[in-house]
Amino acid sequence: MEDEIDLQLRQLALEAQQHPARSQERQIALTKLIDQIYRHNRLTRPHIGDDSILHLYEDIYSEARLKIVEHICQNIDIYDSQKPVMAWVNHFFKFRFRDVCDRYRRETRIKCLSIDDLEKFEQEESDIYQQNYPQMQMMEDTQRLRELIAEDPDRLFRNKTIKNRPDITWQIIALAILDDEKWKTIAQRFHPTKSISTLQSFFDRNLRNFSDYIRNKLQ
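These numbers were taken from a predicted model, which means no experiment stands behind them.

Calculation notes
Residues numbered from 1 in each chain as written. Predicted model: local features only at pLDDT ≥ 70, side-chain atom pairs only at ≥ 80, totals over all residues. Heavy atoms only, no water. Helix = DSSP H or I, 4+ residues; strand = E, 2+ residues; numbered from the N terminus. Buried < 20%, exposed > 50% of the residue type's maximum accessible area, 1.4 Å probe, protein only. Contact = heavy atoms within 4.5 Å. Expected span 1.5 Å × (residues − 1). Arc of directions from axis to C-beta. Polar contact = N/O pair within 3.5 Å; in protein donor to acceptor, adjacent residues only side chain to side chain. Pairing = 2+ DSSP bridges. Axes fitted to C-alpha atoms, helices over the stretch in contact; angles between N-to-C directions. Parallel < 35°, antiparallel > 145°, perpendicular 65-115°, else oblique. Nonpolar A, V, L, I, M, F, W, Y, C, P; charged D, E, K, R; others polar. Phe/Tyr/Trp six-rings, centres within 6.5 Å; stacked < 30°, edge-to-face > 60°. Salt bridge = Lys/Arg side-chain N within 4 Å of Asp/Glu carboxyl O. pLDDT = per-residue confidence, 0-100.

## A look at the overall build of the chain
- Tallying secondary structure elements over the chain gives 10 helices and 2 strands in all.
- Start at the N end of the chain and walk to the C end: the helices and strands fall as α-α-α-α-α-α-α-β-β-α-α-α.
- Split into buried and exposed, the 219 residues of the chain put 40% on the buried side.
- The contacts of the chain with a sequence gap of at least 6 include a subset with a gap of at least 24, amounting to 63%.

## Digging into helix 1 (residues 4-18)
- Its 15 residues place the ends of helix 1 21 Å apart at the C-alpha level, agreeing with the 21 Å of an ideal helix rising 1.5 Å per residue.
- Three or more residues of helix 1 are buried, namely Ile5, Asp6, Leu9, Arg10, Leu12, Ala13 and Ala16. Down the axis of helix 1, the buried side of the element spans an arc of 165°, and every buried residue falls inside it. In helix 1, the exposed positions that point more than 90 degrees away from the buried face belong to Glu4 and Gln18.
- The N-capping residue of helix 1, defined by a side-chain oxygen 3.1 Å from the backbone nitrogen of isoleucine 5, is aspartate 3.

## Notes on helix 8 (residues 170-178)
- Counting buried residues in helix 8 gives 8 out of 9 residues, a clear majority hidden from the surface.
- Taken as a whole, helix 8 has its buried residues at Trp170, Gln171, Ile173, Ala174, Leu175, Ala176, Ile177 and Leu178.
- Of the residues one or two after helix 8, aspartate 180 is the one with positive phi, at around 65°.

## Observations regarding the environment of aspartate 6
- Counting through the fold element by element, aspartate 6 comes out in helix 1.
- Expressed as a C-alpha distance, the spacing of aspartate 6 and valine 85, which sit 79 residues apart in the sequence, is 6.9 Å.
- At a separation of 3.0 Å, a polar atom in the side chain of aspartate 6 contacts the side chain of arginine 42.

## What to know about the pairing of strand 2 (residues 165-169)
- Alignment of strand 1 (residues 161-162) against strand 2, held across 2 bridges, turns out to be antiparallel. Paired with threonine 161 across the strands is threonine 169, a residue of strand 2.
- Where strand 1 folds back onto strand 2 in an antiparallel hairpin, the turn is made up of 2 residues, including asparagine 164, whose phi is positive at roughly 65°.

## A short note on the packing of helix 8 against helix 10 (residues 196-218)
- Contact geometry for helix 8 and helix 10: axes closest at 10 Å, N-to-C directions at 90°. Judged on the interaxial angle alone, helix 10 and helix 8 are roughly perpendicular. Taken together, the residues of helix 10 that come into contact with helix 8 (itself represented by Trp170, Ile173, Ala174 and Ile177) are Leu199, Phe202, Phe203, Asn206, Leu207, Phe210 and Ile214.
- Class assignment of the residues belonging to the contact of helix 8 with helix 10 gives a composition of 10 nonpolar, 1 polar and no charged.

## As for the packing of aromatic side chains
- Taken as a whole, this structure holds 13 aromatic pairs when the rule is applied.
- Ring plane angle 65° and centroid distance 6.5 Å describe the contact between tyrosine 61 and phenylalanine 97, whose orientation is recorded as edge-to-face. Placement of the pair is tyrosine 61 in helix 3 (residues 57-75) and phenylalanine 97 in helix 4 (residues 85-110), with a sequence separation of 36 residues.
- When the ring of tryptophan 170 is compared with that of phenylalanine 203, the centres are 5.3 Å apart and the planes differ by 5°; the resulting orientation is stacked. Note that tryptophan 170 is positioned in helix 8 and phenylalanine 203 in helix 10, a separation of 33 residues in sequence.

## Section: the pattern of salt bridges
- In this structure the tally under the stated criterion is 13 salt bridges.
- The partner of arginine 96 in a salt bridge is aspartate 99, and the shortest N-O contact between them spans 3.4 Å. Of this pair, arginine 96 and aspartate 99 both sit in helix 4, 3 residues apart, which is roughly one turn of the helix.
- Relative accessible area serves as the criterion here: at 34%, aspartate 99 is assigned to the partly exposed category.

## Notes on the confidence of the model for the chain
- Per-residue confidence for the chain gives a mean pLDDT of 82; residues scoring 70 or more make up 83%.
- Scored below 50 in pLDDT, residues 110-114 makes 18 contacts in the model with residues more than four places away or belonging to other chains.
- Across residues 128-138, where pLDDT falls below 50, the model places 9 contacts with residues more than four positions away in sequence or in other chains.

Structure follows, in structure tokens:
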């Protein structure tokens, strides 16, 4: 049986359909529709079976929410009023969520999601040198990377902090990883102790943003 919220969502969807695309009236109806979906927490929360990106769940979920908003706005005319709005929305939300997960998995393999990956990239850029001096090259790459993060000439790394915790900077975490500290040990530095998943998510998310900058500086 359709509850009051379902009925309200259906009415807003139908109202949006009645107005021309790009009209102010349609935009108002769509804004109200999306607001009600969010307010009443009607979006499903799909499962991630891949442990490598599990700690990025909230980032993935937030990005998928933006994509389903885009889908609703672009495809409201094909909504079938005989079906509940959320059945239609959640059907496509699962696909958008899966798309974002797939992209994050690809980035895990292709982009720098850890300091080790970044060092590997530096090694691959100088294969010929490594063949002759592999141990020396690895030491030099790590040292150059550590110096860049420690010196932070553009103050990017020290200014990227966890919300409401200015003492927890990306720079501190990155240097700790380069010093071979375990995530548990890093988390214990901060009082109250931050969860390992929070620190990993913060570190990985920002390393994706910094990866091109770091590559350019180390080339």
